[in-house]
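Each chain, letter by letter, is given below.
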Amino acid sequence: MRIGMGYDVHRLTEGRDLILGGVSVPFEKGLLGHSDADVVVHAIMDALLGAAALGDIGQHFPDTDPQYKGISSILLLKHVGMLLQEHGFTIGNIDATIIAQRPKLAPYRPAMVKNVADALGISEDQVCIKATTEEGLGFTGRQEGIAAQAITLLV
């Protein structure tokens, strides 16, 4: 068994859609990034790649490569799932937390879980995505950005 941990953060900005867990969340700002800047999927990918000792998302999907400009992070997650299969790994579970003062994410979490599970070909009961605030503290509390952490178990 192997455990991996991932973390990602992106700045909130006007003029972009807010994509979290492959879900377009209605909000006045989105996340700035080369791809769709889906922090929770990025954290999950880094946790999976780390557990398998296969590097990180920057190594596999560099932000200097134009083919990844604006790409859906769910497509990148599917690629990570294929890499894991090629290396003989099975996903035990994924546990992720989104850290954002706003918007409230509870209504969108089931769709996020489904998107992640479907992309990886695993059961929804193997994926947990939670959300929390930082009670107005730090950059997420000031609504400057959104962060995510993830941990995963590979067998």
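Here's a quick rundown of the structure. (Residues numbered from 1 in each chain as written. Predicted model: local features only at pLDDT ≥ 70, side-chain atom pairs only at ≥ 80, totals over all residues. Heavy atoms only, no water.)

**A closer look at the pattern of salt bridges**
A complete count under the given rule lists four salt bridges for this structure. Of the charged contacts in the structure, one is a salt bridge between Lys130 and Asp95, with a shortest N-O distance of 2.3 Å. Of the two residues, Lys130 sits in strand E6 (residues 127–132) while Asp95 sits in strand E5 (residues 91–99), which places them 35 residues apart along the sequence. Residue Lys114 is joined to Asp118 by a salt bridge in which the shortest nitrogen-to-oxygen separation is 2.7 Å. Here the residue Lys114 and the residue Asp118 both occupy positions in helix H4 (residues 109–120), the gap between them amounting to four residues, near one helical turn. (Salt bridge = Lys/Arg side-chain N within 4 Å of Asp/Glu carboxyl O. Helix = DSSP H or I, 4+ residues; strand = E, 2+ residues; numbered from the N terminus.)

**A look at unusual backbone geometry**
With an omega of -5°, the peptide bond running from Arg102 to Pro103 counts as cis. With respect to the helices and strands, Pro103 occurs in the loop between E5 and H4. At Gln143, a position not held by glycine, the phi torsion is positive, near 60°. With respect to the element layout, Gln143 can be found in the loop between helix H5 (138–141) and strand E7 (145–154).

**Side note on the nonpolar core**
If you look at the biggest cluster of nonpolar residues, it comprises 50 residues, and the most contacted ones within it are Leu48 and Leu77. Among the secondary structure elements, those contributing two or more residues to this core are strand E2 (18–20), strand E3 (23–25), helix H1 (39–51), helix H3 (73–86), E5, H4, E6 and E7. In terms of residues, this core owes the most to one element, H1, which gives 10 residues. Residues within four places of Leu48 in sequence aside, it is in contact with Leu77, Val80, Leu84, Ile91, Ile94, Leu120, Thr152 and Leu154. (Core = buried A, V, L, I, M, F, W, Y, C linked by side-chain atoms within 4.5 Å. Buried < 20%, exposed > 50% of the residue type's maximum accessible area, 1.4 Å probe, protein only. Contact = heavy atoms within 4.5 Å.)

By themselves these figures say nothing about function.
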